[in-house]
Protein chains: 2
Amino acid sequence: MTEPPPRRPRADARRNRDRLLAEADVVFRQEGTDAPLEGIARRAGVAIGTLYGHFPNRRALVGSLLRERNQALFDHGQELLTSSSPQQALIRWVYAVVEHAAAYQGLAAVLADGLGDQESELHASCVHMTEISDQLIASARAAGALRQDVTGADIFALMNAAAWTRDHMPPEQADRLVALTMDGMLTLAPSRNTTAKQDRSQNP
Amino acid sequence: MTEPPPRRPRADARRNRDRLLAEADVVFRQEGTDAPLEGIARRAGVAIGTLYGHFPNRRALVGSLLRERNQALFDHGQELLTSSSPQQALIRWVYAVVEHAAAYQGLAAVLADGLGDQESELHASCVHMTEISDQLIASARAAGALRQDVTGADIFALMNAAAWTRDHMPPEQADRLVALTMDGMLTLAPSRNTTAKQDRSQNP
DNA sequence: ACCTGAACACCGTTCAAGT
DNA sequence: ACCTGAACACCGTTCAAGT
């Protein structure tokens, strides 16, 4: 009934938690989100039980790891909303999220599953991603740059499918999929066949 | 140096192999390609060692399971090549392969990885899928129905990405992704926004 | 309050012994 | 020639004992 008194953690516990997150990022980047947790604990200099003390399961670890990064992504999305070209804004948003969702092999699946799963640590983030997509869509549609029936869920699906494609095909293939699909959705394509390259050159 | 004399297998061995394949199909449909092999062996009424005697690893089992089914799919693709509308033919091909690649959870990844991996039991099948896609593309392009820069690899990527989407999102979402992307590629869209429904109604 | 690491469960894979 | 199932390896997860 009463608020649980939020105590500040012991200094060594805080340090362990931080190192676990840092090493998890390194290992997940190399081996994907299915990498053995034992290796992460060892690299962080703690026993496996300590890892489980801080993160009850793998999803919680991945979730904590992404929470900060997600905030930066959402801020970028907000900025794009006030951008001059709603069409370019939507294109940049999609490539930014694909980049984000391809950080670790297997992450796209965690995100895609997270949208429909209330229990997922990333559920709120996935909903927010879809909402930002919806806002960018509304704005592009108002400018007459987008066909009428495209939804935020469509964009969310495309972004995750493209991130998945990165893990299983040659590097350019995912960008080609995005470019082709976006060309189908955008009614005022900036210049056919170059959607991806345009964005890339402005996003070094 | 000399040809290995191809002996016909013992009757019980043949029966065990067949039952293993049949049960693997059932289990993979329910639990995906990562389902425990022990369960498949038990259902087939044999010990786990027997399964490994017939199939050296999981990929070999999945590969054998798909070889027959793939043949039917390729035959269908050949038929479509002589079809009256190259545009409709390409659309139907894509939906047929998505259906095929979504039969088991995790199958899309096996196929996508198989295209670039010579060692994969499904490598030849993946190459063939891409080739048929290339032929259908050439034919649609000759009819002026397709933009110039679309490749068989693009179609292969789309089909697998859509199959993956089936495993991780609401059922319609994968079809919407396909429809939106195909609309971007087809220059003579039969009627915008209804690409998926059209095909579906003719493919009950 | 937090950490340790042995212990248990589960599953992939191998192989010596059987028929 | 083929089958059996115990044995080993690997990894996720828990928890009693320590500090």
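Residues numbered from 1 in each chain as written. Chains lettered and ligands numbered in written order. Predicted model: local features only at pLDDT ≥ 70, side-chain atom pairs only at ≥ 80, totals over all residues. Heavy atoms only, no water.

Caption draft 1: Quick look at helix 6 (residues 107-116) of chain A. Within helix 6 of chain A, seven of the ten residues are buried, leaving the element largely enclosed by the surrounding structure. All of the buried residues along helix 6 of chain A are A:Leu107, A:Ala108, A:Ala109, A:Val110, A:Leu111, A:Ala112 and A:Gly114. If you follow the buried residues of helix 6 of chain A, they end up packed against helix 4 (58-81), helix 5 (86-101), helix 7 (123-142) and helix 8 (152-168) of chain A together with helix 8 (152-168) of chain B. (Buried < 20%, exposed > 50% of the residue type's maximum accessible area, 1.4 Å probe, protein only. Helix = DSSP H or I, 4+ residues; strand = E, 2+ residues; numbered from the N terminus. Contact = heavy atoms within 4.5 Å.)

Caption draft 2: Quick look at the protein's contact with DNA strand D. As a matter of local geometry, DNA strand D sits amid 18 residues, with A:Tyr52, B:Asn16, B:Ala47, B:Gly49 and B:Thr50 nearest to it. When the atoms of DNA strand D within 4 Å of the protein are sorted by group, sugar and phosphate make up 72%. A:Leu37 is positioned such that a nitrogen or oxygen atom in its backbone is 3.1 Å from a phosphate oxygen of DNA strand D. Here A:Arg58 contributes a side-chain N or O atom positioned 3.3 Å from a phosphate oxygen of DNA strand D. Sorting the residues of the surface near DNA strand D by element identifies helix 2 (37-43) and helix 3 (48-54) of chain A together with helix 1 (11-31) and helix 3 (48-54) of chain B as the ones contributing at least two each. The dominant element in the surface near DNA strand D, judged by the number of residues it contributes, is helix 3 of chain B, at four residues. (Near = heavy atom within 4 Å. Polar contact = N/O pair within 3.5 Å; in protein donor to acceptor, adjacent residues only side chain to side chain.)

Caption draft 3: Representation of the protein's contact with DNA strand C. Surveying the vicinity of DNA strand C reveals 18 residues, the closest of which are A:Asn16, A:Ala47, A:Gly49, A:Thr50 and B:Tyr52. Among the atoms of DNA strand C close to the protein, meaning within 4 Å, 70% are from sugar or phosphate groups. Between DNA strand C and A:Arg10 there is a distance of 2.9 Å, counted from a base nitrogen to a side-chain nitrogen or oxygen. In terms of residue count, the dominant contributor to the surface near DNA strand C is helix 3 of chain A (four residues). Residue composition of the surface near DNA strand C, by class: ten nonpolar, four polar and four charged. (Nonpolar A, V, L, I, M, F, W, Y, C, P; charged D, E, K, R; others polar.)

Caption draft 4: Inspection of the packing of aromatic side chains at higher detail. Under the criterion given, the structure shown has three aromatic pairs over all chains. Relative to B:Trp164, the ring of A:Trp164 has its centre 5.8 Å away and its plane inclined at 20°; by these criteria the two rings are stacked. Note that A:Trp164 is positioned in helix 8 and B:Trp164 in helix 8, a pairing that runs across two chains. Of the residues examined, B:Trp164 reaches a relative accessible area of 5% and is grouped as buried. (Phe/Tyr/Trp six-rings, centres within 6.5 Å; stacked < 30°, edge-to-face > 60°.)

Caption draft 5: View of the pattern of salt bridges. Overall, the coordinates contain 28 salt bridges over all chains when judged by the stated rule. Put simply, B:Asp18 and B:Arg14 hold a salt bridge, and the shortest N to O gap is 3.2 Å. You can see B:Asp18 and its partner B:Arg14 sitting in helix 1, four residues apart, about one turn around the helix. For B:Asp18, a relative accessible area of 37% translates into the label partly exposed. As a salt-bridge pair, B:Arg42 and B:Glu38 come within 3.7 Å of each other at their nearest N and O atoms. Linking B:Arg42 with B:Glu38, this pair stays in helix 2 (residues 37-44), spanning four residues, or about one helical turn. Under the relative-accessibility criterion, B:Arg42 is labelled exposed at 57%. Because the salt bridges share partners, they merge into one network encompassing A:Arg19, A:Glu23 and A:Arg43. (Salt bridge = Lys/Arg side-chain N within 4 Å of Asp/Glu carboxyl O.)

Caption draft 6: Focus on the UniProt feature "domain: HTH tetR-type" (unreviewed entry) in chain A. Mapped onto the present numbering, the UniProt feature "domain: HTH tetR-type" (unreviewed entry) falls on residues 14-73 of chain A. Within residues 14-73 of chain A, the helical portion is 80% and the strand portion 0%, while the C-alpha atoms at the span's ends are 25 Å from each other. (UniProt positions renumbered as here; feature names shortened; annotations may be inferred.)

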